[in-house]
Amino acid sequence: MGPEVGGAVARAVAERVPPGGVVLEIGAGTGEIGRHLADLPVRYLGLDDARAMLEVFASKLGPAPGPAEGSVQLVQADAERRWPVRDGSVAVVLASRVAHLLEPGHLVQELHRVCRPEASFLVGRVRRDAESVKSRLRRQRERILRARGVAPEGGAEATRRLLEGMVAAGATELEGREVAAWTVRSSAEEVLIGWEAVTAMGGTELAAPTRAEVLDELREWALHHIGDLGQPFDSTEHYTLAGVRLGAHHRPAATGGTPEPVALPADAYLESRWTIPC
Ligand SMILES: C[S@@+](CC[C@H](N)C(=O)[O-])C[C@H]1O[C@@H](n2cnc3c(N)ncnc32)[C@H](O)[C@@H]1O
């Protein structure tokens, strides 16, 4: 994703934040989106369990913003545990390219706890053309996994189920939106090398020998169906935002109390001081 995409996503997210409102990004990574939110008049809190990612993010930030411009804080924390965020303090939660990795029950529980009434939960995803090299390889990888008894679930299905579950429980679906589209050039070889580095396939953690066998099988298939594995192909990728809005009567699940006012002091929404200076 280029900086123009990150900037466009940040602006689309900020549209949903009331003045002085807090945006919480789960799995903020190296700040491809968050660094742009940091330039907008919102209070931004980026959470990630990988300190190295947050350090890269922090290195991209300019001088600390003034009080009128909002505030930025980065926190190292595992989103699969209790989030270091106060009950009822957040106006928008963004999960970009990460929601499908998180356990949905815990995610929804923490969303309900930290969100203000009428807060939005936004899920960002990158959608690829169905005939791109990566999409073709991904479909074949799913077939190989199924043949091995693994039931793969793509990020798109996992996200759809998550949001549908929230709507069934009373949230309102927000209209999905394509925020940006861009062209990428990649070869089958590049995709396969990228997959050698990941430990999960189709949403399931697999042992290293199994992953290696799947990739060998996939490489064999690609040689027959794609041909030259080093040949680069152009395709379009699309960044989409989907989401839900919590109800006006939503109350943080953990307290049942009235949330604090929107204008919080800079550190009021943080329970932990384990932040990376930025
Ligand atoms: C693909 S990156 C997306 C980064 C950013 N949201 C974006 O779209 O540019 C996924 C990020 O989620 C983080 N992540 C994955 N599981 C996590 C967890 N359980 N708790 C916190 N962060 C997590 C990873 O460390 C990584 O930085």
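Look up: the structure comes first, before these words.
Treat the numbers as computed from the prediction; the structure is a model and nothing was measured.

A. Fine view of unusual backbone geometry. A positive phi is found at Arg 97, a non-glycine position, where the angle reads about 60 degrees. Position of Arg 97 relative to the elements: it lies in the loop between strand E4 (90-96) and helix H4 (104-114). Even without glycine at this site, Glu 118 takes up a positive phi of about 65 degrees.

B. Looking closely at the packing of aromatic side chains. Here the structure, examined in full by the defined rule, presents one aromatic pair. With 5.9 Å between their ring centres and 50 degrees between their planes, Tyr 44 and Phe 57 make a pair best called tilted. With Tyr 44 in strand E2 (residues 43-48) and Phe 57 in helix H3 (residues 51-60), this pair connects stretches of sequence that are 13 residues apart. Each member of the pair, Tyr 44 together with Phe 57, is buried. If you follow Arg 141 out to its NZ or CZ, it ends over the ring of Trp 195, 4.1 Å from the centre.

C. Structural view of helix H1 (residues 3-14). For H1, which comprises 12 residues, the first-to-last C-alpha distance of 16 Å matches the rise-based estimate of 16 Å (1.5 Å per residue) to within 8%. For H1, the tally of buried residues reaches nine of 12 residues, placing the bulk of the element in the interior. All of the buried residues in H1 are Val 5, Gly 6, Gly 7, Ala 8, Val 9, Ala 10, Ala 12, Val 13 and Ala 14. Residues of H1 that are buried make contact with strand E1 (22-26), helix H2 (34-37), E4, strand E5 (115-128), strand E6 (172-186) and strand E9 (233-245).

D. Quick peek at the side chain of His 238. Structurally, the position occupied by His 238 is in strand E9. Assessed through its relative accessible area of 12%, His 238 is described here as buried.

E. Broad picture of the site of the ligand. In the vicinity of the ligand there are 18 residues, among which Gly 27, Asp 48, Ala 79, Ser 96 and Arg 97 approach most closely. Asp 48 places a polar side-chain atom, nitrogen or oxygen, 2.6 Å from an oxygen atom of the ligand. In isolation the ligand offers 600 Å² of accessible surface; the protein chains occlude 83% of this area. Across the shell around the ligand, the residue classes tally to eight nonpolar, three polar and seven charged.

F. Seen up close, a negative patch on the surface. There is a patch of like negative charges on the surface, built from Asp 49, Asp 78, Glu 80 and Glu 103. Position of Glu 103 relative to the elements: it lies in the loop between E4 and H4. Under the relative-accessibility criterion, Glu 103 is labelled partly exposed at 41%.

G. Geometry of helix H8 (residues 208-225). A rise of 1.5 Å per residue sets the reference length of H8, with its 18 residues, at 26 Å; its end C-alpha atoms lie 25 Å apart and thus fit the reference within 8%. Restricting attention to buried positions, one finds in H8 the residues Arg 211, Val 214, Leu 215, Leu 218, Trp 221 and Ala 222. Buried residues in H8, looked at end-on, bunch into an arc of 120 degrees, giving them a common side. Facing away from the buried side of H8, by more than 90 degrees, are the exposed residues Pro 209, Asp 216 and His 224. Those residues of H8 that are buried are in contact with helix H5 (133-147), helix H7 (188-196) and strand E7 (200-201). Positive phi appears at Gly 227, one or two residues downstream of H8, with a value of about 95 degrees.

Calculation notes
Residues numbered from 1 in each chain as written. Predicted model: local features only at pLDDT ≥ 70, side-chain atom pairs only at ≥ 80, totals over all residues. Heavy atoms only, no water. Helix = DSSP H or I, 4+ residues; strand = E, 2+ residues; numbered from the N terminus. Phe/Tyr/Trp six-rings, centres within 6.5 Å; stacked < 30°, edge-to-face > 60°. Buried < 20%, exposed > 50% of the residue type's maximum accessible area, 1.4 Å probe, protein only. Lys NZ or Arg CZ within 6 Å of the ring centre and 35° of its normal. Expected span 1.5 Å × (residues − 1). Contact = heavy atoms within 4.5 Å. Near = heavy atom within 4 Å. Polar contact = N/O pair within 3.5 Å; in protein donor to acceptor, adjacent residues only side chain to side chain. Areas by Shrake-Rupley, 256 points an atom, 1.4 Å probe, with all protein chains shown as cover. Nonpolar A, V, L, I, M, F, W, Y, C, P; charged D, E, K, R; others polar. Patch = residues over 30% accessible without salt bridge, like charges linked within 9 Å, V, L, I, M, F, W, Y side chains within 5 Å. Salt bridge = Lys/Arg side-chain N within 4 Å of Asp/Glu carboxyl O. Lys, Arg positive; Asp, Glu negative; His and termini not counted. Charge placed at Lys NZ, Arg CZ, Asp CG, Glu CD. Arc of directions from axis to C-beta.

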